[in-house]
Every structure is written in C-alpha cells, then in structure tokens.
4 protein chains.
Amino acid sequence: MSCVASVSPHEAIASQPSAPAGPRVIVAGATGFTGALAAHLLWRHPDFELVAVTGRSEQGRRLQDVYPRYRVPLVIEALELERLQGIDAAVVAYPHAAAAPTVAALRELGARVVDLSADFRLGSQSEYEKWYGEHPRPELLEDAVYGLTELHRERIAGAGIVANPGCYPTASLLALAPLARAGLIADVVIDAKQGISGAGRVFDETTHLSMAGENIVPYKVAAHRHTPEIEEQLRALDPAHPELKVQFQAHLVSLDQGEMASCYVTTTRPVAAEELRAMYADAYADEPFVELVERPPGVLEVRETNFCRVFAAADEHTGKVIAFGAIDNLWKGTSSQAVQNLNLMFGLPETRGLL
Amino acid sequence: MSCVASVSPHEAIASQPSAPAGPRVIVAGATGFTGALAAHLLWRHPDFELVAVTGRSEQGRRLQDVYPRYRVPLVIEALELERLQGIDAAVVAYPHAAAAPTVAALRELGARVVDLSADFRLGSQSEYEKWYGEHPRPELLEDAVYGLTELHRERIAGAGIVANPGCYPTASLLALAPLARAGLIADVVIDAKQGISGAGRVFDETTHLSMAGENIVPYKVAAHRHTPEIEEQLRALDPAHPELKVQFQAHLVSLDQGEMASCYVTTTRPVAAEELRAMYADAYADEPFVELVERPPGVLEVRETNFCRVFAAADEHTGKVIAFGAIDNLWKGTSSQAVQNLNLMFGLPETRGLL
Amino acid sequence: MSCVASVSPHEAIASQPSAPAGPRVIVAGATGFTGALAAHLLWRHPDFELVAVTGRSEQGRRLQDVYPRYRVPLVIEALELERLQGIDAAVVAYPHAAAAPTVAALRELGARVVDLSADFRLGSQSEYEKWYGEHPRPELLEDAVYGLTELHRERIAGAGIVANPGCYPTASLLALAPLARAGLIADVVIDAKQGISGAGRVFDETTHLSMAGENIVPYKVAAHRHTPEIEEQLRALDPAHPELKVQFQAHLVSLDQGEMASCYVTTTRPVAAEELRAMYADAYADEPFVELVERPPGVLEVRETNFCRVFAAADEHTGKVIAFGAIDNLWKGTSSQAVQNLNLMFGLPETRGLL
Amino acid sequence: MSCVASVSPHEAIASQPSAPAGPRVIVAGATGFTGALAAHLLWRHPDFELVAVTGRSEQGRRLQDVYPRYRVPLVIEALELERLQGIDAAVVAYPHAAAAPTVAALRELGARVVDLSADFRLGSQSEYEKWYGEHPRPELLEDAVYGLTELHRERIAGAGIVANPGCYPTASLLALAPLARAGLIADVVIDAKQGISGAGRVFDETTHLSMAGENIVPYKVAAHRHTPEIEEQLRALDPAHPELKVQFQAHLVSLDQGEMASCYVTTTRPVAAEELRAMYADAYADEPFVELVERPPGVLEVRETNFCRVFAAADEHTGKVIAFGAIDNLWKGTSSQAVQNLNLMFGLPETRGLL
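Along each chain, residue indices are assigned from 1 in the same order as the chain's sequence is written. Starting at A for chains and at 1 for ligands, labels are handed out in the order in which the entities are written. It should be noted that, the model being predicted, local features are given only for residues of pLDDT at least 70 and side-chain atom pairs only at 80 or more, the latter also being counted only at that level, while totals for whole chains, interfaces and linings use all residues. In computing side-chain properties, one takes all heavy atoms of the structure into account and sets aside hydrogens as well as water.

Q: What should I look at first to understand the interface of chain B and chain C in this one?
A: Frequently, the measure chosen for interface size is the accessible area that the parts lose on association. Contacts between chain B and chain C engage 23 residues on the former and 23 residues on the latter. Buried area is understood as the total, over both parts, of accessible area removed when two parts are fitted together, assessed with a 1.4 Å probe. With both sides pooled, the region where chain B packs onto chain C buries about 1800 Å², and carbon together with sulfur makes up 66% of that total. Summed over the three residues of chain B that lose the most area to chain C, namely F203(B), H208(B) and L209(B), the buried surface amounts to 36% of that side. What qualifies as a polar contact is a pair of N or O atoms within 3.5 Å, subject to a donor-acceptor requirement within protein and to the restriction that residues adjacent in sequence count only when both atoms come from side chains. Here chain B and chain C share 12 residue pairs in polar contact (both at pLDDT 80 or more) between them. Put simply, Ala, Val, Leu, Ile, Met, Phe, Trp, Tyr, Cys and Pro go in the nonpolar bin, Asp, Glu, Lys and Arg in the charged bin, and everything else, Gly too, in the polar bin. Tallied by class, residues from the side of chain B that touches chain C come to 12 nonpolar, six polar and five charged. Note on definitions: a residue-residue contact is assigned when non-hydrogen atoms from the two residues lie within 4.5 Å.

Take a look at the structure:
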C-alpha cells in the first residue's frame, strides 16, 4: 500500500481565528470522551485560549489524531505543573478519587477548576466515602460549588472549584427542580436511559457494537452512585423533606450520544395541570439552555447541544406527575456544561461558544 | 438497466418439508409486522399447515416479496370466508375494533382464533369502551381467554378465542406476576422501552431512520392503553388489592426489535433478598420460555426468540423491588406467543416450532 | 394527559445575536432535509440575514417545530414573490424540474440563487433531457456555474445562479479531480455509500428503521442520474479524454448522515506512490475544507461539517489507484456547500459560519 | 443489591430434544464470534451431537454465559486431545497459522475437520506464504478442499479437511462464478461492505459503538488478504485467463451482521441482458441456498440465514456487468456454511438444521 502523505490541512485553522487574549485554560485528561469534547469546545471558543491538553495515554499524538471528529491540533502531553504557570483555568477529566489531588495542585497554581469527577459533588464527606471510599482531599470540599448551572449560577461565578454534575443528575434535577422547590416530591422513581458514549472510551462487551447495538441493558441495579448526588440536591431545594429518597435506575441503549431521565413523582398533594404548567414556566422562563416543550422530547433534538429539553405532565389516572429531562450526556451532561460554567466564572455571557 | 430474471429459488422450500397433516391455519392481516411474522413462524412450523394469508393491501403479491426476510411464498389474498371452509385456526392481526367482527365470523366457521388486537383482552366491557370506544362484539367477551400463556395455560388450551396480550403487558406481567401473587405490590411504576418495530408498518416521522435512529422518545404520556390490561391482570393475581393502579410509560428507542419493561415496586411489606429469590424461582422453575437470570438482561439476548428474561432485585436504599422483563416485542410480545398459544390449543408441545 | 404549556425558550435566541446588516437571504423549500439544514446554517450565520423560509407543506408551523433539531423560529410560509422584494439571495431546495421556474423568477427579482436541484448542473441541455425530461428553462443554463466550490471558485464568486452539486458528485469529484487533471483516468468505478438521510424526508420502506436499519442496499443499479454530472466535470478537467465514462453505483447503508465515495481508477500510465502523494498535496494544500489524510477516513470524522476527507493510494498488485472521498451528504454534500458558495458570492471569507 | 438466584431455565432444553445418535462433533475456539455461532448451530442441529466446546479464554464458563444470545449450556474447556477420542468431526475456529497444527492433530484422531481459518484455503503454498508467512503444515494442503459449497460440493463430501472460505470470498465468488465460468471477466473491482461483527470479538476503536456506529470506514486499502483466495478460485473457474487480477476493497459499516459484495466486471465481450439472465438462472436453479432476485437485495434479507442473494445487471452505458452478493458474514459467510459442509461430509441433506 502506498499512502498519500498528510499535508496539514489544519494549519489554516490550527491557529485559532483571532488569537483571543482571554483566559488561558487547559484540559487535564483529554484522552477520554468528556475531556476530548471539552478540549474541542474550548479550542473553538472565541474567548478562551486552550493552551494545553494532557493525558496519561496517547502522549505525543495530536488530539485530532486520537479523536478525528475533533479538530484540535494540540499534542497530548504529560501533566507537568511547573510548565503550567500562568494558566487561569483547568478542566479536570479524571476518574473519581484520582481527580482531587490534581484539582488541589491546580488550585495552588492559582487556576480555577471545573472538575468533571464526583470528588467534589457531594457536600457530605461521609456520603462520599460511603460510595467512593476515602476522600483524597476533604479539606477542599467546602470550597467547591455544585456545578448544575441553573441551580447555583451565582455561587459558580465566584467559585474556585466547580464540581460539574454527573450527566444523570443534570437531566434528572432539571426535570425535577420545580417540583422539589415547591415541596411536592413525596417519592420519586427516575428511570434513565443513555447512549453508549456514557460508558466512555472503554473497550469491552459494554461498548462493542455487536453487543451494544440493538440492545437495551439496565446496569448497576439498585446501586447507582448518582443517587446521593440527586438526593442531596433535591433535599437542598426542599428542606422540608430531608428524608427524601430517590429510586434511580440507569440503562444503556443502542445509540451514541443522548440521555433521557424519565421521572415518576408521587406528590405530597394533588397537582393540577395548570399549576404544573405555571410552575415550570416560572422556573425556566429565563434559562437560555432549558427548553420547556409541549410534547415529549426526543434526545436527538438536543444532540450536540448544551440544551436540556424538559416536559412535565400530570397523570389523572394515578395522580402522579411525570417529568422528562432530555440532554446530550457528553454535552450538557458533561463537557458543554463545563464550558457554560467557565463562561460564568470568567464573566462571559453564559451562552458564549455554545450556540 | 437489465435485470436477471427471477428463477424461483424458493420452490425447493415452498412446499413445506413434510406436508404436515396437522391443523390448517390462516393469518388474517398478514401485511403488518406481527401478522407477517406469525405467517413466517407458522409456515416453518412442523405441525401446522398455513393455508392462506390475507390482507387488505398488497393483494396478489407473495408475502415474501413484501417481507423479503420471511420466506413465505403464499400470495396475499382478500379475506373471503366462503373459501375458508375447513380451516381449524386463525391468527387475526387487525387493528383494534376492526378485529372483533372478523373474529366472530371465523368463530362461526368453526375456527379457533388467536386475536392479536385488544378487542378481547379486557374482561370488562366498560373498561374497554373507556379506552377504545364502543365494543363491536361484547357478547364474545366472556368466551375469550387472556393469552399470556404463563398465567392462563389451562384455560387457553380449551379456548375458542385467545386474546393475545399486548407486548408491554407481556413483559410487565412476567416481571411482576410473582410479586402480585404474593400480594406485595402497593404501588408500581413501569417504564417500558421498545424498538421501532413496535410502531409497526407505519411510515412517518416516528419510524424514519433519520428521526428514530439515535433517539429515545417517550410517547402517549399519561395515556397508555396498555394500563387497564396490566391492571386487570395484576388485580386478578392479587384479589386483595382491587384498587391497584399502574403508572405505565412507554418509550421508543433506536433499535428494531426488543423491549424492556423496568418495574419499580413499592411493596406492601419489606421483602428480603432471599424471599424474593425463592419467590421468582418457584414461579418460573418449570416455564420453558421464562429465563430467570442472575444479572440484568439485555433485549438482544432474547431477540428473535420466544423467551422472556426476568431479573428482580431488592433495593436496600429505598426498600423498593425492581423487576425487569426483557422480550422481543414482535416475538414473545406478539407473534411467537400466538404460536405458543396455538400449540397449547391443539395439544402440541408448547415449545414446538419455537426453539 | 395534562401538558405543561410551552413558554418560548427560543425568544432569547430568536432574534439573531447581532442582527446582521448583511445580505438578506431566503430558503425556498425549507421543509425537506436539505432546505431545512440550509435554513439552520443561515439562521446562525453571523453575516447573512435569513428573512424567510417557504414550503408547500407545513405552512404556518415554525421550522423548529417541524425539525426540532434546528432552532429556527421562522414560520414556514408560501412562496410569494411580491413579498420578497429586496432580498439579495435565495437557496432553492426544490425537486428537479420544479426548481428552474422558481430560480428564474427569483433571478428576475434580482436575487442571486444557489439551486440545490439538478436543473442547472449540466452544461449540456441534451444530456439533461436524456435523464430528466424536457428542461424548463434552458435559456438560463449558460448563466449557471457548477457549484463544486473547489473546482470553480472564481466563477462562483460572480455567478447569478450556482448549481450546487449532488452529494455523490461532490465526494467523487474531490477524490478524483487531481487524477483527472493529470489525465490519468482511463477507466473508473465509483462505489458510493450513503446514510438514509440521503433519501430525504420520504416515508416508505426505504427509510423505515425496521427496514433501513442494519441494512446495506444498492439502488438505481446501472441507472444513476449522477453519472452525467460526474462525467461532464471529469471531462472538463481532462479535455484529452472526452470519451471518459464513469461506472457509478450508489448504496444506502444503516446510518443517518454520511457518505463515502470509493473510486477505483485504471490509470492511463503507471503512477508511483510518490507522484500520487505530491499530486494530491499540490491540489489541496490551500483548500480550507479538503482534508488530505494519511489513513482511510470514516464518514463519522466529517459528520455535521463542511469538510471532505480525501485519501488516495496506489495498489501495487493491480496497478490501480484507489481514492476515497468522505463527506456528510447533507452538509458538504448539499447545504453547507451552499453556504460556502454564498460566502464566496457575497465576498465573505469562504469559511464564515462553517467552522 | 440483592439478586434473585439463577434457577436453570435451560435444563429443559439443555439435553437436546432427541439425543441424536448422529456424528459427534466439537468446536475448537468457541469463544470467538464464528466459533460460538457454529456451536449454537450444531447444538440445535437435529443430527449432530455437539460434545464439547473449547477455548483458550473463558474456560469454566458456559458458552451461554459468554454469549447470552446462544443457548448452549456446555462449559468451555481446554482442548485436550486425549479426551476427544471417538469424535467424528470438528470445527476449528482459530486464527490463521494457529489453526493448522490443531487441524493436523484432529485429523490424526480420525476427525474430519472444517477449518474456518485461511490456512488451507489456498492451493498454492507460495501464495499463502506471501500473505501469511510460513505455512505450519504444508503437507496437508493437498488433502484440503476449498469449502465454498456451491463450487466444490462433490469434493467436499469426501474431504478430510474442508477449508471454509472467508466471508468476502463467499459473497464475491457466488456473485461472480457464472461470469468466470463463461470466461467473461476481463477485469473486476469488488467493493465489499460488512457489519462490525466482521471484526470479531475484538475490543478497540474499530468496534466501539461510539466510533463504529454511524460510520463507514474502508480498511486494509490495497492490501487485503482475501484477494488471492478470490483470484485462485476465479482462475480455476476460467482457466483461459490465468492472469486474472482482482481489485478488492473492504469497508466496515454501521451494523452488526451483514455483508454486500458489489462487483464491477469489465467483460471480455459484450453481454446482453438476456444472456446474463440465462447464465445466472442456469448456474443457480438448483441451489438451495442461492437466491437469484429480481431487484438489488439488502443484507437484512439474509440476516441470520445461510442464504446468499445474488443480483446481476448489465450497464448499457459502460458495457460493464454489475453483480451483487448479499450474505450474513457470520452465517453463510462462515459458520452456517461450515454446517452446510458438515451436512455434506456426513451424508445428510445439505439444508438440514439450516432452514
């Protein structure tokens, strides 16, 4: 075989259009799905300057060679803190427990951090340790803000560490927040479905197209780590129900990107359709990335966007309220929400680089 | 363009291997997905003789030309009762309300009928009329048996009309029956997911690959007609809870055939894991088509089979029981269950033609 | 069912970010896949002002309600020329033969037109009529420029009518142009594969997920209308071979958007790998949207982009040259190339709104 | 989490229906896709007795636990020849070069072998070594028969070793054989497309749904090992053209099982449509597993069957003949063809266990 040499078609775009003088940011852990997408979004962002992408694997390769869909010509390098003097921000896309020490080190450099792991999502150390084992940096917990933008916008703007939510909590909480705030949730079942990208850059029977394609598979039955994260946030919205428990169940389905949280709420009192309608309209009227819709949304409608589509209805037969949250698990579920948070943290319009 | 003429490669198999002297059966409404599959299964069945396939559309074409996957060389014809003297059985695959008059006519011919529509699934005429409008043949209701084989095996064997269950009730009821029988269901949410074949041979935005592929879409929110069917059967299993209500929600997901019913049960009393285990083992030990599994099943494991895989677990965090039923919506959910019932009705081994 | 009313989440973005004072453009025929995407791209374009979307169906609905993926809040209206005074440009997404009269009328209004149909692609009226029947406006043929940007950039910039290429010719010609220019093509077979979106907003067995999913189907065997378009362009690049014929074959495969043209060239003389490499590098060194790659590209790498990835290799065993062109059939294959051309026609940077 | 214990639902079917007294067969290498499917087909075969499945990995697990789609309860064990005394046949599903020594050892035990590897497909040792390296057992080459059933039926019936064809050669040769026999092939391009199952139980970027889904990717450009296998067979059919060369190119596309070989033939003389039609009809009139069709076939039509659908047409524009062969790569392309061959080798009807 004889191959045509690669000329560099990227050179034209490799230097970002107008060399922004904006905040200098890195992505640590850019070889996974979410880190790579964060790098893609920041590379094309008009106001951030992506100065480095790091990874433990694939060092020396350009990110765009590992992820041909993302045209980021930066070379993946080891994370060497001494070379990162002067950075303003970092997105950390490490596994749970591995993230916290790096977040701490980056904080010491003066960088503001959006952490994609679970390490700083729970306010309660004991709850964290119940699900994940010993916390590596508990002293930083109180400085972290939970990064569901729509719930904690103001605190995120000033935070040193933003704990980016899990994708399941993002879709679930946006679907449920108006009900929780109104004290209406007596009991809730969340049945979530997600595309295979949710499994990440993992190569096994979970992700092989011949096994994952044309399939629907529940996983982590009765044991999902996202449960405490959702419960903690719901309880914060509804302090009158500190014992609220969530039945959460995840499924992998036969598609790439997309996530639907279907929420079934037993209410504390009957809720009329009109009240429900007004409640959601009030909650989301000014949200740039929450789209209230009039019929059940499909995840394809939000694919590769930072939007969450929300739909809620009252079931007259059972009296329950059903609420759906549809997102792209990699975008609003993770990486584009990280950018949304970075925009806030650096005083940029929240939608910048995301429409 | 010049095409090579079709020689008839099917002639070798067009005459069924050993010209069974068994019951003579027709499929009425063989142009839809479920009727066509029933015809396919009966054509290759060693003991039934498929003598006609009828349809309102596609008349004059061979079924295998309309459905190239199914090698049934019979020509689709109009349903003319006078030509059907001497048939022993029929599968009727008509829409709701259209089915009942044809079922009645076929009964008068002396044929035993498996009806795939909802017309005879509900014992209660008033419940039927609440969801479907006036019942066309209420006088036949009491002669019909609900055709979930595993629940009504003996009565099916002697029935004149078997009302084949909906696919959602099939998966849901097999997942829930042991709990209902034990009087354990206080409240239940069923979140069901199904491939696009569940929408049938319908050509619109619901089924176009560019809209249905890579998508997850809830539909018929708070209004699904399968609800009364499931409730009626659960209440029959658990007469002590005649007010039991089911919260049922369906979703279409990006695959062809496959269905998962995820059931979340608030129990009437705490249920220990060991008790749960024994309860399901007892219920299904002798069932040839229910496979109790040790980990959450995927729908791909039952694709193009008559098997239902069931998995149940107790959630220590919430106290709820979660039960899953995985089937192929076109097979065990509809057409192969019809054959399972026909086997019973004609004294054949229940598994004949289905393994 | 009780639905939550739709508040208008789009109002924030419905007025384009900075109300461009740029050219005023319409999309005629915005209800099909390609027209809708053109509208989406122009709506978010920083320099064009999309002032109307028209369609024969769906009038009165907002485009974003028909295509939930595209957040274009304009209402679909009938095409009424009198209301379109003062527009600068139009994209016409009509079927073949229906397009030409509308293109003519829009030209009379003074608008410059990018026509997505085949009506003005062929320079030769007789060739057109051989494949499509009588030409509705042959007098306009000589004013039209074939809109494969990379081949006719200068003439496109000044054209009144740009005949946007078919998607198959786009991928094929970009893969083959360097060879044709060098007079190297003695014989060529083009085997093209395309996702189901290529069939358009057509609802039948071709597009139903249960039939189109998990499938590969050749179509229009030995009779594809794109053949003359490809031949005419190749012959123009290689005037020494006016008799060059193309064997073109299309296939629909189980995905949404994406297209691969695999081209097998019997060369007029042996071509060494090094020469091939230099030839392609020279041809595409300065092209912003052609990416020469070092290994065979996948269509997923160009999905939802205006890029075409090209790879060429010499086969030592047969002496043939194999060249691949990978595009998104709806983007570079149609609608984003239309925007690329509009950029040129109005003196904007070619990449504006497309990166 | 508390799981319900697995009762053994398989016990009912674990003992094969009627304990056949037929030939005793093993599958060596049953953990790969093709070996597992061969085991599945032989387990349910009415006349073979599957007595063991072996594998280097997954030992101690039941095959049905590794492949939940295949209900084969046998435990995967190491291949220990001493325990295999008395077996009549074996299917060997090993990688190239690893297969030959095991085939030799099984032959010494007296078993007749269907080998799924390439080790015995080429009559010419030198051709083998050009593509695969040194041949491990060249002395056995002359005792092996190429196992494309339709071409070598009689020799297969008596063979000790049947070299099961590659899936690409199977589809290609069935599409081309009538033309080759008539001496009509002057030049041929084969563009083949295959589902991801063709990559096997390999876990990497080639098979991850997020990379392989919604994709079309050419691979092994200008270097495919199936080329010599196809050339050798075509030359044998057409001894007058010993220099015939094949341009073969493979692509992976976004589906699980299915394969299309699209063949573009420059003929040695003009071929009229009528002649072509008669030629193919003659060739395949009596073939139970080749279906000549009147319009281009889709691979879904042959999914999970042993059928090959063939369609041929003459292109008046170019004079070329286009022929398509559609198969399921795992079935007729590999494992069900192995069973077809075993049927022949043991005097059973060729279609036994395959309809």
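Q: I would appreciate a short explanation of the side chain of H226(C) in the present structure.
A: All names here are of chain C. In this text, helices come from DSSP runs of H or I with a minimum length of four residues, and strands from runs of E with a minimum of two, each type numbered from the N-terminal end. Counting through the fold element by element, H226 comes out in helix α9 (residues 226–237). Whether a residue is buried, partly exposed or exposed follows from its accessible area with a 1.4 Å probe, protein chains only, as a fraction of its type maximum: under 20%, in between, or over 50%, in that order. Overall, H226 belongs to the buried group, its relative accessible area being 12%. Ignoring anything within four residues of it in the chain, the contact list for H226 reads R121, G166, Y168 and P169.

Q: What should I look at first to understand the pairing of strand β14 (residues 308–314) of chain D in this one?
A: Every other side chain in a regular strand lies on the same face of the sheet, so the side chains alternate between the two faces. Residue and element names in this part refer to chain D. With seven of seven residues buried, β14 is to be regarded as a mostly interior element. We treat two strands as partners when DSSP finds at least two bridges between them. Bridge analysis of strand β13 (residues 290–292) against β14 gives three bridges, and the strand direction is parallel. Bridged to E291 within β14 is R309. Both β14 and strand β15 (residues 321–327) contribute to a ladder of six bridges, which runs antiparallel. Within the sheet, the bridge partner assigned to A314 lies in β15 and is V321. Once β14 ends, the chain turns through six residues before running back antiparallel as β15, passing G319 with a positive phi of about 85°.

Q: What should I look at first to understand helix α10 (residues 273–284) of chain C in this one?
A: The α-helix winds at 3.6 residues per turn, so residues separated by three or four positions along the chain end up facing the same way. All names here are of chain C. Between its terminal C-alpha atoms α10 stretches 17 Å, which fits the 16 Å expected from 12 residues at 1.5 Å a residue. Residues L276, M279, Y280, A281 and Y284 constitute the buried set of α10. Where α10 is buried, its residues contact α7 (167–181), β13 (290–292), β14 (308–314) and β15 (321–327). A helix's residues, less one, multiplied by 1.5 Å, set its expected span.

Q: Quick question: what am I supposed to make of the sheet that holds strand β3 (residues 49–54) of chain A here?
A: Strand pairing within a sheet occurs via backbone hydrogen bonds; the two strands may be parallel or antiparallel. Residues and elements named next belong to chain A. Taken in spatial order, the seven strands make up an open sheet running β4-β3-β2-β5-β6-β8-β7, and their pairing is parallel. Each of the sheet's edge strands pairs with one partner strand only, and the pair in question is β4 (76–77) and β7 (144–146). Both strand β5 (residues 89–92) and strand β6 (residues 112–115) contribute to a ladder of four bridges, which runs parallel. Looking at β6, one finds that A89 is bridged to R112.

Q: Teacher, can you tell me more about empty space enclosed by the protein here?
A: To find the voids left in a structure, one rolls a probe of water-molecule size over its atoms. Definitions used for this entry: grid spacing 1 Å over protein atoms alone; cavity, a set of points where a 1.4 Å probe fits but cannot get out; pocket, an open set with protein on both sides within 12 Å along at least 5 of 7 lines; lining residue, one with an atom within 4 Å of a point. Grid points are joined across faces, edges and corners, and a volume is the space filled by probe spheres set on the points. This structure, assessed with the given rule, holds five cavities of 30 Å³ or more. In this structure, the largest cavity encloses a volume near 320 Å³. Lining the largest cavity are 25 residues, and of these E214(A), S254(A), E214(C), S254(C) and S254(D) sit closest to its centre. For the lining of the largest cavity, the per-class residue count stands at nine nonpolar, eight polar and eight charged.

Q: I tried to follow the side chain of H152(C) on my own but got confused; where do I start?
A: All names here are of chain C. Among the structural elements, H152 can be located in helix α6 (residues 149–157). Residue H152 is classed as buried on the basis of its relative accessible area of 18%. Apart from the residues within four sequence positions on either side, H152 is in contact with V145, Y146 and Q233.

Q: Looking at this model, I keep getting lost on the interface of chain C and chain D. Mind explaining?
A: Every contact between the two is made by 45 residues of chain C and, on the other side, 45 residues of chain D. The largest share of the area that chain C buries against chain D comes from E214(C), I216(C) and H317(C), three residues that together contribute 20% of it. Any Lys or Arg side-chain nitrogen located within 4 Å of an Asp or Glu carboxyl oxygen qualifies as a salt bridge. Remark: the boundary between chain C and chain D carries six salt bridges. Residue D191(C) is joined to K193(D) by a salt bridge in which the shortest nitrogen-to-oxygen separation is 2.9 Å. Summed over the shared surface of chain C and chain D, the number is 29 residue pairs in polar contact (both at pLDDT 80 or more). Elements that contribute at least two residues to the side of chain C that touches chain D include exactly β9 (185–194), α8 (209–212), β10 (216–219), α9, β11 (246–253), β12 (259–267), β14 and β15 of chain C. The residue inventory of the side of chain C that touches chain D, partitioned by class, reads 21 nonpolar, 14 polar and 10 charged.

Q: Please clarify how the sheet that holds strand β2 (residues 24–28) of chain D should be interpreted in this entry.
A: Residues and elements named next belong to chain D. If you trace the seven strands from one edge of the open sheet to the other, you get β4-β3-β2-β5-β6-β8-β7, paired in parallel fashion. The two strands at the open ends of the sheet, each matched to only one other strand, are β4 (76–77) and β7 (144–146). As defined by bridge partners, β2 adjoins strand β3 (residues 49–54) across five bridges and the pair is classed as parallel. Within β3, the position partnered with R24 by the bridge is E49. Axis definition: a line fit to C-alpha positions, over the contact stretch in the case of helices; interaxial angles, taken between N-to-C directions, run 0 to 180 degrees. Most of the contacts of helix α6 (residues 149–158) go to β7, to which it runs at about 155°, and overall it touches β6 (112–115), β7 and β8 (161–163). Together, β2, β5 (89–92), β6 and β8 form the strand contacts of helix α11 (residues 331–345), whose direction differs from that of β6 by roughly 160°.

Q: Whenever I open this one, the relation of the copies chain B and chain C confuses me. Can you help?
A: One copy of the chain maps onto the second through a rotation about an axis and a displacement along it. Overlaying chain B with chain C gives an RMSD of 0.0 Å, the required rotation being 180° about an axis along which the chain moves by 0.0 Å. Taken together, the rotation and translation relating the two chain copies correspond to the operation of a two-fold axis. Of the residues that chain B buries at the interface, 100% are likewise interface residues in chain C, meaning the two copies contact each other through the same surface. When the copies are superposed, the least-squares fit draws on C-alpha atoms of residues that have pLDDT of at least 70 in both.

Q: Explain the packing of aromatic side chains here, please?
A: The description of two aromatic rings rests on the distance between their centres and on the angle between their planes. Pairing of aromatic side chains here covers Phe, Tyr and the six-membered ring of Trp, requires ring centres within 6.5 Å, and sorts the geometry by plane angle: under 30 degrees stacked, over 60 edge-to-face, intermediate tilted. All chains considered together, the criterion is met by 32 aromatic pairs over all chains. Considering the side-chain rings of F48(A) and F346(A), the 5.7 Å spacing of their centres and the 90° angle between planes classify their relative orientation as edge-to-face. Residue F48(A) is found in the loop between α2 (33–43) and β3, and its partner F346(A) is found in the segment after α11 (331–345); the two are separated by 298 residues along the sequence. Of the residues examined, F48(A) reaches a relative accessible area of 0% and is grouped as buried. Through successive ring pairs, a cluster of aromatic residues spans F33(A), Y67(A) and Y70(A). Either the NZ atom of lysine or the CZ atom of arginine qualifies as a charge over a ring when it sits within 6 Å of the ring centre and within 35 degrees of the ring normal. The ring of F346(A) has R112(A) lying over it, and the distance from NZ or CZ to the ring centre is 5.3 Å. The cationic tip of R56(B) hangs over the ring face of Y94(B); the distance from NZ or CZ to the ring centre is 4.9 Å.

Such coordinate-based values are descriptive only and should not be taken to indicate function.
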